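What follows is each chain in one-letter form.
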Amino acid sequence: MKTLHNQHLPEFVAKIKEESNERVKLELWGRKWNLVIKGLPGSSAETPKETEVKFRTFLKTELKLSGEHVDSILLQAIHRLPSGDIHSRNFIVRFMSLIDRDMVMKSAMGNLKAGCGKAVMTDLTPELSKLRGALLKKRREMAPSLKAKTKLVYLKDAPFLELVPRK
């Protein structure tokens with residue numbers, strides 16, 4: 001019995017890991033239209049419409065996108081997330097177009113300065129969000145010369161996130 005157990009256990013463990021990775025891939029695919037916005041003030045009674053107005057103002061002022069383009073962006077949903085400080089809770093935006101989503105993300109990377117208290121992040125599963133935090137913490141703790149030579153990349157397959165050398 002023990003021989004049978006030892007013979008098949010690695011196979012079962014590998015299948016469980018493969019199924020888990022497939023579940024994460026599907027969940028990430030469903031979240032790819034979303035961005036999480038951090039650091040914009042709000043109130044506990046804020047409506048989704050008020051959140052949308054703050055978001056569009058943020059795009060125009062902080063991310064320096066043209067007002068005409070910002071007004072043409074179609075959103076499927078926007079709302080504050082339930083956790084965090086009630087006056088500056090993160091919010092999630094679901095775009096109708098990946099082109100608009102990617103443009104907002106690219107603009108955020110170019111216009112938001114480190115330490116400004118505001119951020120635009122991809123929407124990840126809770127376990128990958130923790131991994132992103134751990135990797136970014138590891139990067140922050142690196143020597144400045146080494147830190148400048150690394151970046152966080154998102155992968156389509158497990159482990160889904162990695163710190164890699166810049167090219």
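Provided above is the structure to which this section pertains.
Residues numbered from 1 in each chain as written. Predicted model: local features only at pLDDT ≥ 70, side-chain atom pairs only at ≥ 80, totals over all residues. Heavy atoms only, no water.

### A short note on the sheet that holds strand β3 (residues 91-95)
Within the open sheet, the four strands sit side by side as β2-β3-β1-β4. Their pairing is antiparallel. Across the chains shown, the open sheet's two edge strands, defined by having one partner strand only, are β2 (75-80) and β4 (119-122). Averaged over neighbouring strand pairs, the angle between their axes works out to 20° when direction is ignored. Note that strand β1 (residues 34-38) and β4 share four bridges and pair antiparallel. Residue pairing for β4: Leu35 is matched across the bridge by Thr122. Along the sheet, helix α4 (residues 98-111) makes contact with β1, β3 and β4, crossing β4 at roughly 135°. (Pairing = 2+ DSSP bridges. Helix = DSSP H or I, 4+ residues; strand = E, 2+ residues; numbered from the N terminus. Axes fitted to C-alpha atoms, helices over the stretch in contact; angles between N-to-C directions. Contact = heavy atoms within 4.5 Å.)

### Some points on the nonpolar core
Within the largest apolar cluster, 20 residues are counted, with the highest numbers of intra-cluster contacts made by Ile37, Phe55, Leu59, Val104 and Val120. Secondary-structure elements contributing two or more residues to this core are β1, α2 (48-61), β2, β3 and α4. Core analysis: the next-biggest nonpolar cluster, separate from the first, contains eight residues, Val24, Leu28, Leu128 and Leu161 among them. (Core = buried A, V, L, I, M, F, W, Y, C linked by side-chain atoms within 4.5 Å. Buried < 20%, exposed > 50% of the residue type's maximum accessible area, 1.4 Å probe, protein only.)

### Here's the deal with the environment of Leu9
Residue position: Leu9 is located in helix α1 (residues 2-31). A relative accessible area of 37% means that Leu9 is categorised as partly exposed. Between the C-alpha atom of Leu9 and that of Glu62, which follows or precedes it by 53 residues, the distance is 53 Å.

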